[in-house]
Amino acid sequence: MQNSYNPQEIERLVQNYWEENHAFKAVEDSEQEKFYCLAMFPYPSGRLHMGHVRNYTIGDVISRYQRMQGKNVLQPMGWDAFGLPAENAAIKNKVPPAKWTYENIDYMRAQLKRLGFAYDWSRELATCHPKYYRWEQWFFTKLFEKGLVYKKKATVNWDPVDQTVLANEQVIDGCGWRSGAVVERKEIEQWFLKITAYAEELLKDLEKLDGWPEQVKVMQHNWVGRSEGVEISFTIEKDHGEDQDAIKVYTTRPDTLMGVTYVAIAAEHKLATFAAECSKEIAEFIACCKQTKVSEAEISTVEKLGIDTSLLAIHPITGEKIPVWIANFVLAGYGSGAVMSVPAHDQRDWEFAKKYNLPIKPVIAEDKNASKVDVSKNAFVEKGWLFNSAHFNGLSSQQAFEKIAEQLESQGKGNKQVNYRLRDWGVSRQRYWGCPIPMIHCEKCGSVAVPEQDLPVLLPENIDFDGASSPLNNLAEFINVNCPTCAAPAKRETDTFDTFFESSWYFARYCSVDNNEMMLDERVNYWMPVDQYIGGIEHAVLHLLYARFFNKLMRDQGLYECDEPFANLLTQGMVLKDGAKMSKSKGNTVDPEELIKKYGADTVRLFVMFAAPPEHTLEWSDTAVEGSYRFINKLWRLVEDYIESKPNNVPSISADLNEGQSALRRKLHETINKVTDDMGRRHTFNTAIAANMELANELQSFEDMSEQGKAVYQEALQGIILMLAPILPHVCHVLWQRLGNEKAI
Ligand code: ANZ
Ligand code: ZN
């Protein structure tokens, strides 16, 4: 009688075996080559979705493969557990966010175990646990000591009815999600991390990341946005603006300086405020600008609007008087919040000049000796050769950059400057379910860091939460403290960290997760960097940039040595159904749990790995799931049939095989070669699986049951089981034993 394939039963048995034998516990061993494999940890939303299943299966297959290659593998798992959804659920279900979160973690942990992932569960962490967040509080106070943390006013969404700050997700069509009131912009003091101090290194070190997709590096490169230019001063004509400071503009095109016909300043600029003092119209225009959205992408799409301040600026070279306008396209936070406008050579300036009838003066031509350029339909934005530019005529744009910068520098009217698009990282959130920022405000001493012996600042967990505003704001026992410096009554900071803060260093904490005396210990130097990081492309910029930044901060704090946290990055594609992204809001999700119940975890794993290479989108298909299930059944039967007819002792393979035997052996070794490359280097698991399916077909039609025939047959069959073990770990574990192997696969 043949055993039939019963996934539920064997998966439970095999998972118990792993658990009892601590099969995936990672232990540092300097004699053995390490491999740190990490998939981005999940937010504990309640249940796993197919995107998780795909992400974690890819990581697990790579981990198991590397282990079979003889590496000492670390594959940990944890929970990115702070965040807004817990607050929303708390309001809806009347449970505290902590309780909701920990219950979800328990549920999802069981789901991950059911999928048979080879995690070292002894290293599990949850970022909402004080054992974790106390170290980021400690680290923040170290950065504060070093001057890498500062406080500054920044704009937030303010709900005037609920009297609270809203997260961007809580603003729906410009109104508060709860009150429905029109949301206002409000400036409040917030904490910032000086990521700009690392801009240069974050850019330069991208070159070291050979194992990253080009596309992600380009996105990070653009996000940092380095540009070289000149900061130029335009003084203000005395008649109007007595005692006003010169306007500083930042330009990457000083070669166009002789073509400047007006200066444009941001609505938030000091001079704009000054101009508004004596003009109601200007004041109204500024108020109107402040209502529109702040993001750069949005600013570039809105209609360009401006107003003349009637102030005049003096051209630093010609001495000519040129008008100063307030314009909505000038960003307050970039450069110096003012632009020298060259409508002949900048399209945005051109459109503005056309609209408000400002002069357009061309100064750059395509050819060296030309003395005109057509700007009647559009600006001429290329670099070229100067004309109409007095003693700079005939220079190339590049030569003129240097000459003009030199002249301005010698006259004290300008300086070469490097600018970054990257802004400092605002880490304050006016939310409850996050890590408390460990600062105290004292009237006498200012901002004081919570001393090390008072850490962690615990987030009160048993609270009534109605969502109107953060309960921390009303918790007297949380807020009222004594100043650590002068002991006078003081107030605790009620803001919590941006949740990107927690995910910026968890990869390092896994290496010393049980250390309650230190944030990180020397074991980090054994495991870091992560050899393979796996996650969604949606994290191409923020998470990956913050993590790289934190890595450098931790290095400079002397906590460990490596410059970059992730040596290789794999960005997994989306899971689609009927061509659309699988998502709750579209109502087209497939519940992994149902699938596991029906087919077992190995089928689910095989399906997600077989349907597409990991970077590609994966189109859901019920028939493909069934196909995966059938293949595992076939493999099962292949082994069972063989066992029934197997001799008691399979002879070893002799040197002289007949043609058919040699052919099968050759096929096996070609397959091993291909699968090794597909799994280890190319990460094209689908073709590795296909090669094994092909080999299995050959076995099915191999009928030579001589002694030597059986010997090569068994070798090939074992080969398939070994090669598929990373993908189908449960069934392969069992089949391996059925073939008489004593050691676990
Ligand atoms: C004159 C000029 C002439 C410019 C020309 C461009 C072309 P990047 O490369 O991104 O650094 N700029 C400067 N500060 C600005 C602000 N606060 N808001 C909006 N625009 C600002 O861009 C630098 C260029 O962006 C600068 O060079 C300036 O316009 C504009 F033919 O100055 B340019
Ligand atoms: Zn004090």
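Residues numbered from 1 in each chain as written. Chains lettered and ligands numbered in written order. Predicted model: local features only at pLDDT ≥ 70, side-chain atom pairs only at ≥ 80, totals over all residues. Heavy atoms only, no water.

Our next topic: the coordination of the zinc ion (ligand 2). Coordination sphere of the zinc ion (ligand 2), protein contribution only: Cys442 (SG), Cys445 (SG), Cys483 (SG) and Cys486 (SG), at 2.2 to 2.4 Å. Considering all four donor atoms around the zinc ion (ligand 2), the spread of angles at the metal, 106 to 113°, places the coordination shape in the tetrahedral class. If you list the donors of the zinc ion (ligand 2) from N- to C-terminus, the spacing comes out as C-x2-C-x37-C-x2-C. With a gap of 41 residues between them, Cys442 in strand β21 (residues 439-442) and Cys483 in the loop between β23 (480-482) and β24 (489-492) connect regions that are remote in the sequence. Of the two residues, Cys442 and Cys483, neither departs from the other in class, the shared state being buried. (Donors = N, O, S within 2.8 Å, 3.2 Å for Na, K, Ca; no water. Tetrahedral: all angles 85-135°; square planar, octahedral: opposite > 155°, others 65-115°. Helix = DSSP H or I, 4+ residues; strand = E, 2+ residues; numbered from the N terminus. Buried < 20%, exposed > 50% of the residue type's maximum accessible area, 1.4 Å probe, protein only.)

All right, on to the site of ligand 1 then. Of all residues adjacent to ligand 1, which total 19 residues, the nearest are Ser227, Thr251, Leu331, Tyr334 and His345. At 2.8 Å, a backbone N or O of Leu331 approaches a nitrogen atom of ligand 1. Note that an oxygen atom of ligand 1 is positioned 2.4 Å from one of the side-chain N or O atoms of Tyr334. When the free accessible area of ligand 1 is taken as 650 Å², the share hidden by the protein chains comes to 86%. Mapped by element, the contributors of at least two residues to the shell around ligand 1 are β11 (247-251) and β15 (338-341). Looking at which element gives the most residues to the shell around ligand 1, the answer is β15, with three residues. For the shell around ligand 1, the residue count by class is nine nonpolar, six polar and four charged. (Near = heavy atom within 4 Å. Polar contact = N/O pair within 3.5 Å; in protein donor to acceptor, adjacent residues only side chain to side chain. Areas by Shrake-Rupley, 256 points an atom, 1.4 Å probe, with all protein chains shown as cover. Nonpolar A, V, L, I, M, F, W, Y, C, P; charged D, E, K, R; others polar.)

With that out of the way, let us pick up the pairing of strand β5 (residues 149-159). Consecutive residues of a regular strand have side chains that alternate between opposite faces of the sheet. Both β5 and strand β9 (residues 184-193) contribute to a ladder of ten bridges, which runs antiparallel. Across the sheet, the residue bridging to Lys152 is Gln190, located in β9. Across three bridges, the pairing between β5 and strand β6 (residues 164-166) is antiparallel. By the bridge assignment, Asn157 is partnered in β6 with Leu166. Between β5 and β6, which pair antiparallel in sequence order, lie four residues; one of them, Gln163, sits at a positive phi of approximately 55°. (Pairing = 2+ DSSP bridges.)

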